[in-house]
Amino acid sequence: MNKNSRRFALSASLSALALCAWPAWAQSQSAPWPSKAIRFVVPFAPGGTSEIVARSVAAELTKQLGQSVYVENKPGGAGVTAMQDVAKAAPDGHTMILTHVGTLAVNPYMLKNQPYDVNKDFVPVTLLAKVPNVFVIHPDVPAKNFKEFVDYAKSNPGKLNYGSAGNASAGHLAMEYLKLVTGMYITHIPYRGTGPQLTDLLAGRTHASSAGMPALGAHIRSGKLRAIAVGTQQRIAAMPDVPTVAELGFKDFETSQWYGIHVPAGTPPEIVKRLQEESLKALKSSAVTERFATDNAVGGGGPSSEYAAFIKNEQRIWSDIVKRAGIKPD
């Protein structure tokens, strides 16, 4: 075989290999999303508002996308454990995380040397919900209302304690903010999720807490917990007789829990957009709107850019509160 023949044979062989390989490569590049189950990581233990929001949306996304969207609770490290896991996940749209005020707007200013950058290693998809913070106490606490509770706490510094879903959780931040503006002192006891901390509160082992209506509503209605104030600027429909902190003399006080979706940096923009659109559709479904109405939650669903701007503003607010309140890792 002369040189030209050998050159032709080699070229033909390479072309044949390329043709054989092309269909699989092309298919991998153009495969429809989602092509498998989607993991929806929640950085808290089961039983809290975060899981209720996540599971409500996940159930609708499963119907819409034709693939299972399953919730995986991954508590620990003030959300760092879950965030680090998702930051390292393949950016293919099959792993996402429920993000909130703690992981996005507090941890960056409270924790040193986080193993990721919340603004660079993740892409915001959409805001899912805002949930009013409700301040509750155990009925054994000698206070019938907010003013009596604050007066009692200030007269007995360190005697009362409050539980939260964990360090930098929405409930922790709301109570520290309240302590800051009222000047009272009560001890923080962090748990690994809203469910575990409510168990101790209902048993009277802790005295107070702040959480969302999805987790607290049934206990307030049964009389097992006493609602003394809400953190929103307006009273909520479910408890029209419970005042806001702002109207009780602490002007401009406002705090709510909020939850959204982030995916690893590098996730294709078309997948981010599709996920946002499907999330909006899920939020408009009767199952989710009815559940959110029951819990006084306000649905989101806007574009990625809108959620990014919201986060930036929250970071501005909470970086100041973290500094003023001296919030530190437990």
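This section reports on the structure supplied with the text.

1. Some thoughts on helix H8 (residues 213–221)
Those residues of H8 that sit buried are Met 213, Pro 214, Ala 215, Leu 216, Gly 217 and Ile 220. Elements in contact with the buried residues of H8: helix H2 (49–65), strand S4 (122–137), helix H7 (194–202), strand S7 (208–212), strand S8 (226–230) and helix H10 (286–294). Trailing H8 by a residue or two, Gly 223 shows a phi angle of about 85°, which is positive.

2. Here's the deal with the nonpolar core
In terms of nonpolar packing, the biggest core is built from 49 residues, with Val 101, Val 106, Phe 135, Phe 149, Trp 258 and Trp 318 touching the most fellow members. In this structure, Phe 149 is in contact with Ile 137, Val 141, Ala 143, Leu 160, Met 184, Ile 186, Ala 208 and Ile 228, ignoring residues within four places of it in sequence. The next biggest cluster of nonpolar side chains, apart from the first, holds 31 residues, and it includes Val 42, Val 53, Leu 98 and Ile 261.

3. Comments concerning unusual backbone geometry
The step from Trp 33 to Pro 34 runs through a cis peptide bond, and the omega angle for that step is -5°. Secondary-structure assignment places Pro 34 in the loop between helix H1 (3–30) and strand S1 (38–42). One non-glycine residue with positive phi stands out, namely Ala 78, at about 55°. Position of Ala 78 among the secondary structure elements: in the loop between strand S2 (69–73) and helix H3 (80–87). Its identity is not glycine, yet Asn 296 carries a phi of approximately 60°, on the positive side.

4. Quick notes on the pattern of salt bridges
Two side chains carrying opposite charge are able to pair once their charged atoms lie near each other. Enumeration according to the criterion identifies 13 salt bridges in this entry. In this structure, Asp 320 and Arg 324 form a salt bridge, with 3.4 Å as the shortest nitrogen-oxygen distance. Of this pair, Asp 320 and Arg 324 both sit in helix H11 (residues 304–325), four residues apart, which is roughly one turn of the helix. Among the residues examined, Asp 320 registers a relative accessible area of 37% and is labelled partly exposed. On the basis of relative accessible area, Arg 324 is assigned to the exposed category, the value being 51%. The structure contains a network of salt bridges with shared partners spanning Arg 39, Glu 72, Lys 74 and Asp 85.

5. Quick notes on the packing of helix H6 (residues 170–182) against H11
To describe two helices that pack against each other, one gives the angle between their axes and the distance between the axes. At a minimum axis separation of 10 Å, H6 and H11 run at an interaxial angle of 60°. Between H6 and H11, the angle is such that the two are oblique. Remark: the crossing between H6 and H11 carries left-handed chirality. Counting all contacts with H6, which are made through Leu 173, Glu 176, Tyr 177 and Leu 180, the residues of H11 involved are Trp 318, Ile 321, Arg 324 and Ala 325. Its residues assigned to classes, the contact of H6 with H11 comprises six nonpolar, no polar and two charged.

6. Section: the pairing of S4
Counting buried residues in S4 gives 14 out of 16 residues, a clear majority hidden from the surface. Bridging between S4 and strand S9 (residues 256–264) involves nine bridges; their strand directions are antiparallel. Looking at S9, one finds that Phe 122 is bridged to Pro 264. Bridge analysis of S4 against strand S10 (residues 298–299) gives two bridges, and the strand direction is antiparallel. By the bridge assignment, Ala 129 is partnered in S10 with Gly 299. With four bridges connecting them, S4 and S8 associate as antiparallel partners.

7. Focus: the pairing of S7
Most of S7 sits inside the fold, with five of its five residues counted as buried. Alternating positions in S7 separate into two faces, Ala 208, Ser 210 and Gly 212 on one and Ser 209 and Ala 211 on the other, with burial throughout. Two strands pair when backbone bridges link them, and S4 and S7 are joined in this way by five bridges, in the antiparallel orientation. Each residue of the ladder has a partner; that of Val 134, found in S7, is Ala 211.

8. Side note on the side chain of Asn 296
For Asn 296, the position within the fold is in the loop between H10 and S10. A distance of 3.5 Å separates a polar side-chain atom of Asn 296 from the backbone nitrogen of Ala 238. Filtering out sequence-adjacent residues up to four positions away, Asn 296 remains in contact with Lys 130, Pro 132, Met 213, Ile 236, Ala 237 and Ala 238.

How each quantity is defined
- Residues numbered from 1 in each chain as written.
- Predicted model: local features only at pLDDT ≥ 70, side-chain atom pairs only at ≥ 80, totals over all residues.
- Heavy atoms only, no water.
- Buried < 20%, exposed > 50% of the residue type's maximum accessible area, 1.4 Å probe, protein only.
- Helix = DSSP H or I, 4+ residues; strand = E, 2+ residues; numbered from the N terminus.
- Contact = heavy atoms within 4.5 Å.
- Core = buried A, V, L, I, M, F, W, Y, C linked by side-chain atoms within 4.5 Å.
- Salt bridge = Lys/Arg side-chain N within 4 Å of Asp/Glu carboxyl O.
- Axes fitted to C-alpha atoms, helices over the stretch in contact; angles between N-to-C directions.
- Parallel < 35°, antiparallel > 145°, perpendicular 65-115°, else oblique.
- Left-handed = near helix turned anticlockwise from the far one by under 90°.
- Nonpolar A, V, L, I, M, F, W, Y, C, P; charged D, E, K, R; others polar.
- Pairing = 2+ DSSP bridges.
- Polar contact = N/O pair within 3.5 Å; in protein donor to acceptor, adjacent residues only side chain to side chain.

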